[in-house]
Amino acid sequence: MLITVVLLATMTVAKAQWQVGLTAGYSLNAMSTDTRYAYDLNYGSRGGVAIGIPVAYSFNDWFALRADAQFVQKNFKMHRSGFFDGFRYNQRNSYFSLPIVAQFSFGGKRLRGFVNGGGYLGYWLSAHRKGITRNDDETGEDNGYFLNDKNIVAYSEKVDFDSRRDNRFDAGVTAGAGVEYRLTPLISLTAEVRHYYGLTNMYKNTTVGDPRYNTTWTFQAGCMIHLDKKNNKKKGQKQ
């Protein structure tokens, strides 16, 4: 029995292979929060970019562990309705993210599908806000409480982080699915959709505001380089 286990382990290691690549694509994020009685306050999803450097270690042809060093935007927008119609802003949030997943693949030698799942850790890098608001005239002239031709003003500004308020640590769970096409023994092309469900509040505690959570979809394409030169050489000779 022990000999069998050792032989299986040796075969698994012999088939193991490192892969590294580059992916890029589109992110779609929604920020969810409880607006309570502010019925005029509306939040919506916004698109952004996602760029990653995946590194995978394949134990065999169907199972691998994978980590992605990612730059991903988790953007959202807000607009008000009713009496406050016209007030709005778009916020761009940039994150560094490190998802670590178990990946299972299936299919033929060239075209294969895969699914994966795991968790991620991240860090909120920067934020920028652009929108429309009311200009409070310092001269004391009454330009009205609601937006009108006299008091409307557009703004675009960097959002400064407040260490007492903002939680820059990010974490959650993730799952995805995709396809891989083995172009050559060395290079494969990939396309993947992945879902990120945030478990960390964007605020440090509930005393500074109602909890805010990000839910993000990414749609990415890229390529992977297979670094097992010995196996690549053998496959190339067979072809």
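In the block above lies the structure referred to throughout.
Residues numbered from 1 in each chain as written. Predicted model: local features only at pLDDT ≥ 70, side-chain atom pairs only at ≥ 80, totals over all residues. Heavy atoms only, no water.

(A) Quick peek at the layout of surface pockets. Estimated volume of the second largest pocket: approximately 170 Å³. Looking at the lining of the second largest pocket, the elements with two or more residues in it are strand E5 (88–107) and strand E6 (111–134). Each residue belonging to the lining of the second largest pocket can be placed in one class, and the counts come to six nonpolar, one polar and four charged. (1 Å grid on protein atoms, 1.4 Å probe; cavity = no way out; pocket = protein on both sides within 12 Å on 5 of 7 lines; lining within 4 Å. Points joined across faces, edges and corners; volume = space filled by probe spheres on them. Helix = DSSP H or I, 4+ residues; strand = E, 2+ residues; numbered from the N terminus. Nonpolar A, V, L, I, M, F, W, Y, C, P; charged D, E, K, R; others polar.)

(B) Molecular detail of the environment of Ser27. Relative to the assigned elements, Ser27 resides in strand E1 (residues 17–32). Between the alpha carbons of Ser27 and Ile51 there is a distance of 9.5 Å; along the sequence they are 24 residues apart. Leave out the neighbours within four places in its chain, and Ser27 touches Arg46, Gly47, Gly48, Val49, Ala50, Val72, Gln73, Thr216, Trp217 and Thr218. Polar contacts involving the side chain of Ser27 include one to the main-chain carbonyl oxygen of Gln73, which spans 2.8 Å. (Contact = heavy atoms within 4.5 Å. Polar contact = N/O pair within 3.5 Å; in protein donor to acceptor, adjacent residues only side chain to side chain.)

(C) View of the pairing of strand E2 (residues 41–58). Note that E1 and E2 share 11 bridges and pair antiparallel. Bridging from a neighbouring strand, Thr23 pairs with Gly52 of E2. When E2 meets strand E4 (residues 76–80), the two strands line up antiparallel, connected through five bridges. Following the sheet pairing, Tyr43 is matched in E4 by Met78. Inspection of the sheet shows E2 paired to strand E3 (residues 63–73) by nine bridges, in the antiparallel sense. (Pairing = 2+ DSSP bridges.)

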